[in-house]
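Structural overview
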Amino acid sequence: MSIPSTSTRRPVAVAMLFLAVILLGIISFVRLPIDLLPDVSYPRLVVYTSYPDVAPAEVERLVTERVEAQGAAVPGVERVTSVSREGVSLVTLRFSWGTDMDFAMLNVRERLDNIRESLPETASRPRILRVDPESEPIMAISVAGGTDLWATKEAAESVFRRRLEQLDGVAEAAVTGGLDREIQVEVDPRLMDSYGLSFSQVTQALAQANISAPGGTILRGRYRYPLRTLGEFQTVDQIGDVVVGRQLAPSRTPGEEAGFRLILLRDIGQVVDGYAERESIARYNGEESVGVLVFKESGANTVQVAEDVNATLEQLQSEYPDFHLDVASSQAGFIADSISNVVQALVFGGILAFLVLFLFLRDPRYPVAIALAIPISVVGTFALMEAADISLNSMSL
């Protein structure tokens, strides 16, 4: 018994079957996550090691070569490349496609732990970074309008970033650009030599004066309370009062015992409440501003996250009218355009197929049946995509 003959004899059952396919496809389409790129696990790991203030030749000899030797011994590695720069070592491990990168990362971590003691003491612990297209920010937001760049960045850090990170689907909101406050201690080498002080003594004195430590416990009734000794600086002026050394002071009158004179930090230099050296600059429409990069959680709907962020920005704009919040870039627009293009092509394709068939067959029944088969087949595909855990992205569309 053929399918066409069965379909013609049971039209109601066939109609119910196609309606079920359409209903299931629509439900799946609503539930499908929408993203720019598919969830692809690139078979590549990058080992990052920091070795500050060291020339590239020493970085390669003391760090890069040892990391390369351990990385090449990891099972599944096809190629090892490295870049040694001043104070930085980057070793890239390329694996074959299909490798389980979670187990590969564990193997690399075990190998690197074996050489941790042989690396220089000032070198940082090697960090393993994964190459993931989803690690790119989905939105870039410009924040401007504060009294100065430092105040704008403080507002972005303490207010805007925290509000955005509270949204569902937002993994992180990173702040870039602006100014970072930095307390700078500028000492005069000639005054230090006159007092017999060294840089290590000044550094040690500052570290000992700015410290908080546990102070034991006290027992009151049935409860034991921990104590802390708070010794951190509260104001910038307190830094200048730090004692960095002592100097023997001669007696002023005969018979008087000689004493010691305390040498304060302000005696050999000055404390400047300034800004750190800038490593990044954010500009929007030709004016300098502070940027906020929004990263989404893995598997989250990019379009939905972008809509939630836009709604939150409108609310923040009304609460803080002194600041200007603008969306500099967003992946949601590109994704929405891609989906719109697919839907438009589907509609035009169905219309053109109906017109061509109608002109040739001169009977509207057959063109209608064929034209309906195109959208029904596409809608039914959404159910298969949800069953296979495939998101709507530029590749699957």
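Procedures and definitions
Residues numbered from 1 in each chain as written. Predicted model: local features only at pLDDT ≥ 70, side-chain atom pairs only at ≥ 80, totals over all residues. Heavy atoms only, no water. Helix = DSSP H or I, 4+ residues; strand = E, 2+ residues; numbered from the N terminus. Rg over C-alpha atoms; globule rule 2.2 N^0.38 Å. Buried < 20%, exposed > 50% of the residue type's maximum accessible area, 1.4 Å probe, protein only. Contact = heavy atoms within 4.5 Å. Core = buried A, V, L, I, M, F, W, Y, C linked by side-chain atoms within 4.5 Å. Axes fitted to C-alpha atoms, helices over the stretch in contact; angles between N-to-C directions. Parallel < 35°, antiparallel > 145°, perpendicular 65-115°, else oblique. Left-handed = near helix turned anticlockwise from the far one by under 90°. Nonpolar A, V, L, I, M, F, W, Y, C, P; charged D, E, K, R; others polar. Arc of directions from axis to C-beta. Salt bridge = Lys/Arg side-chain N within 4 Å of Asp/Glu carboxyl O. Phe/Tyr/Trp six-rings, centres within 6.5 Å; stacked < 30°, edge-to-face > 60°. Pairing = 2+ DSSP bridges.

Re the overall build of the chain
When helices and strands are tallied, the chain shows 12 helices and 15 strands. Against the 2.2 N^0.38 benchmark of 21 Å for 397 residues, the chain shows a C-alpha radius of gyration of 33 Å, more extended than a compact globule. Along the longest, intermediate and shortest principal axes, the C-alpha atoms of the chain span 130 × 60 × 60 Å. Split into buried and exposed, the 397 residues of the chain put 28% on the buried side.

Structural notes on the environment of F295
With respect to the helices and strands, F295 occurs in strand β14 (residues 287-296). Counting along the chain gives 85 residues from F295 to G380, while the straight-line C-alpha distance between them is 32 Å. In this structure, F295 is in contact with S135, E136, P137, G169, V170, A171, E172 and A174, ignoring residues within four places of it in sequence.

A short note on the nonpolar core
In this structure, I141, V143, F160, L164, V292, V294 and V309 are the most contacted members of the largest nonpolar core, which totals 25 residues. For this core, the elements supplying multiple residues, two or more each, are β5 (139-144), α5 (149-165), β6 (170-177), β14 and α10 (302-319). Residues contacting V143, with those up to four places away along its chain left out, are T152, F160, S289, V290, V292, F323, H324 and L325. One finds V47, V59, V91 and L112 within the second-largest nonpolar core, a separate group that totals 19 residues.

Side note on the packing of helix α11 (residues 331-361) against helix α12 (residues 365-387)
Relative to each other, α11 and α12 sit at 160°, their axes nearing to 8 Å. In terms of orientation, α11 and α12 fall into the roughly antiparallel class. At the point where α11 passes α12, the crossing takes the right-handed sense. Of α12, the residues touching α11 (which contributes L346, G349, G350, A353, F354, L357, F358 and L361) are Y366, P367, V368, I370, A371, I374, P375 and V378. Tallied by class, the residues present in the contact of α11 with α12 amount to 14 nonpolar, 2 polar and no charged.

Quick word on helix α7 (residues 199-209)
What α7 keeps buried is the set V202, A205 and L206. Angular distribution of buried residues about the axis of α7 spans 95°; they occupy a single face of the element. Away from its buried face by more than 90 degrees, α7 exposes T203 and Q208.

Here we look at the pattern of salt bridges
Taken as a whole and assessed by the stated rule, the structure comprises 11 salt bridges. Residue E386 pairs with R31 through a salt bridge whose shortest N-O separation is 3.2 Å. Here E386, found in helix α12, pairs with R31, found in helix α2 (residues 11-31); they are 355 residues apart in sequence, far enough to count as distant. Note that E319 and R163 form a salt bridge whose closest N and O atoms lie 3.1 Å from each other. In this pair, E319 is assigned in helix α10 and R163 in helix α5, connecting sequence segments 156 residues apart. With relative accessibility at 38%, the residue E319 sits in the partly exposed group.

Structural notes on the packing of aromatic side chains
Each aromatic ring pair is specified by the distance between its two centres and by the angle formed by the two planes. Applying the stated criterion across every chain yields a total of 3 aromatic pairs. Summarising the aromatic geometry, the rings of F29 and F382 are spaced 4.9 Å apart at their centres and angled 40° between planes, so their arrangement reads as tilted. With F29 in helix α2 and F382 in helix α12, this pair connects stretches of sequence that are 353 residues apart. F29 sits in the partly exposed class, given a relative accessible area of 34%. Classification of F382 as buried rests on a relative accessible area of 16%. Ring plane angle 90° and centroid distance 5.8 Å describe the contact between F160 and Y320, whose orientation is recorded as edge-to-face. Residue F160 is located in helix α5, and its partner Y320 is located in the loop between α10 and β15 (324-330); the two are separated by 160 residues in the primary sequence.

Regarding unusual backbone geometry
In this structure, N285 takes a positive phi of about 60° despite not being glycine. Looking at where N285 falls in the secondary structure, it is placed in the loop between β13 (282-284) and β14. In this structure N285 comes out as exposed when scored by relative accessible area, which is 67%. Even without a glycine there, the phi angle at D389 is positive, about 60°. Along the chain, the position of D389 falls in the segment after α12. For D389, a relative accessible area of 69% translates into the label exposed.

Topic: the pairing of strand β3 (residues 88-95)
As paired strands, strand β1 (residues 44-50) and β3 are joined by 7 bridges and run antiparallel to one another. Across the sheet, the residue bridging to T49 is S89, located in β3. Pairing geometry for strand β2 (residues 77-85) and β3, over 8 bridges, is antiparallel. If you follow R79 over to β3, its bridge partner there is R94. In textbook terms, the turn of a hairpin is the stretch between consecutive antiparallel strands, and for β2 and β3 this stretch comprises 2 residues, one of which, G87, has a positive phi near 80°.

Section: the packing of α5 against α10
In contact at an axis separation of 10 Å, α5 and α10 are set at 150° when each is read in the N-to-C sense. Between α5 and α10, the angle is such that the two are roughly antiparallel. In this structure, α5 crosses over α10, and the sense of that crossing is right-handed. Of the residues in α10, those touching α5 at F160, R163 and L164 are V309, T312, L313, Q315, L316 and E319.

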